[in-house]
Amino acid sequence: MHRTGSLRGGGWRPLTLAMGVMALGAACTVEPDLSKVAAESGRAVKRYDTVQALASNPQVVVAGTQGGALLRSTDQGKSWQRQPLAGASLVGLTTCPDGRFLGIDFYSRVWFGSADGQAWTPFTLEKPHTPLAVSCDSQGRWWVAGTGSTIARSTDQGQSWHYTDLGEDAQLTAIQFFDAGNGIALGEFGRVLASQDGGLSWNKAGQIPGEFYPYAALFADRQHGWVSGIAGQMLHTSDGGKTWVKQGNTTQAPLYRLFMHDGRPYGVGASGVVARFDAGVWRGMPYPDAVPVFLGAAAPLPGQSAIASGGPGGLLRVLGTKTN
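The rules behind each value
- Residues numbered from 1 in each chain as written.
- Predicted model: local features only at pLDDT ≥ 70, side-chain atom pairs only at ≥ 80, totals over all residues.
- Heavy atoms only, no water.
- Phe/Tyr/Trp six-rings, centres within 6.5 Å; stacked < 30°, edge-to-face > 60°.
- Buried < 20%, exposed > 50% of the residue type's maximum accessible area, 1.4 Å probe, protein only.
- Pairing = 2+ DSSP bridges.
- Helix = DSSP H or I, 4+ residues; strand = E, 2+ residues; numbered from the N terminus.
- Axes fitted to C-alpha atoms, helices over the stretch in contact; angles between N-to-C directions.
- Disulfide = S-S within 2.5 Å.

> Help me understand the packing of aromatic side chains in this model?
By convention here, two paired aromatic rings are described through the distance between centres and the angle between planes. In the structure shown here, the tally under the stated rule is 15 aromatic pairs. Look at F106 and Y107: their rings are 5.3 Å apart centre to centre, the planes differ by 90°, and that puts the pair in the edge-to-face class. Looking at Y107, the relative accessible area reads 49%, which means it is partly exposed. Measuring from ring centre to ring centre gives 6.5 Å for F219 and W244, while their planes differ by 85°; the resulting arrangement is edge-to-face.

Put into structure tokens, the structure is as follows:
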């Protein structure tokens, strides 16, 4: 009996002590502050967003993210609203002549957006397997180019598609039409293709030297255009892509998007660089609080001396472009 009582007494004391410690710990526990979590969930632009595409018209600015969200601003980028796009990953956006938007999805879809940026309709593409460039022209036609040297066109706002397979294992990274008949497409290994019959046929129109891979292209008109490439290379043509000449790029950074703002070519790219064409040379545009991450998207803000730019980590900023 004594032995049993001794064990019982020896067992109760640690248990009682442990319960006391637990009670004391519970009494000292501070409730977690979830206000920051709530604040983050309430934001339209998330820290995990990677902005891959931007476009604008006089009414709204829209941004496409890698994770399947469409961001929309009606106040020139001061605030944003968030809209999910069913499993999409928008890699390109453009503004059509009538103010509506056209976007391409990594998952072989085209998204057609209303001029106010609220209504978006998806259309599935048979090819290219991965869309890389999108354009819409003054004739109301839609153009998509991408992998497999394939060009898709629609003349009825996505209801039907016609495909041109050029039979080469190469990526087409830019496409643009200048009028009803004349268009140009650029791609891997310096390919320059032109159409003079509204996209029914495409023919070699030149060659960018050095097996050039165009990250982005911008044509001011049928003859004059620019392409950006690896290690900050910038080239210019004044004869519709037949010949190309190098231009200086003082930033030495590759530019991933080229666009026109206030009649001047601009570009954004690696290391947070914003560049603009000035007197025959691409020069960096200084701006406050620059972050050294890649800028994968940008768009002009019509009527404003400013552009919208975007990148990883929820980076979505408006940058002033006014020069002194």
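Next comes the rest of the description.
> Please explain the sheet that holds strand β16 (residues 203–207) as it appears in this structure.
Consider a sheet: its strands pair through backbone hydrogen bonds, and that pairing is either parallel or antiparallel. With antiparallel pairing, four strands are arranged side by side in an open sheet as β13-β14-β15-β16. This sheet does not close on itself; its edge strands, each paired only once, are β13 (172–177) and β16. Averaged over all neighbouring strand pairs, the angle between strand axes comes to 25°, with direction disregarded. Here five bridges tie strand β14 (residues 183–187) to strand β15 (residues 191–195), and the two strands are oriented antiparallel to one another. Its bridge partner lying in β15, G183 is registered against S195.

> How do you make sense of the state of the cysteines when you look at a structure like this?
Throughout this description, disulfide means a covalent bond between two cysteine sulfur atoms. One pass over the full model with this rule turns up one disulfide. Note on cysteine connectivity: C96 is disulfide-linked to C136, with sulfurs 2.1 Å apart. The chirality of the disulfide connecting C96 with C136 is left-handed, given an S-S dihedral of about -110°. Linking C96 in the loop between β5 (90–95) and β6 (101–105) with C136 in strand β9 (residues 131–136), this pair joins segments that are 40 residues apart in sequence. The two residues C96 and C136 agree in class, both being buried.

On their own, these measurements won't tell you what the molecule is for.
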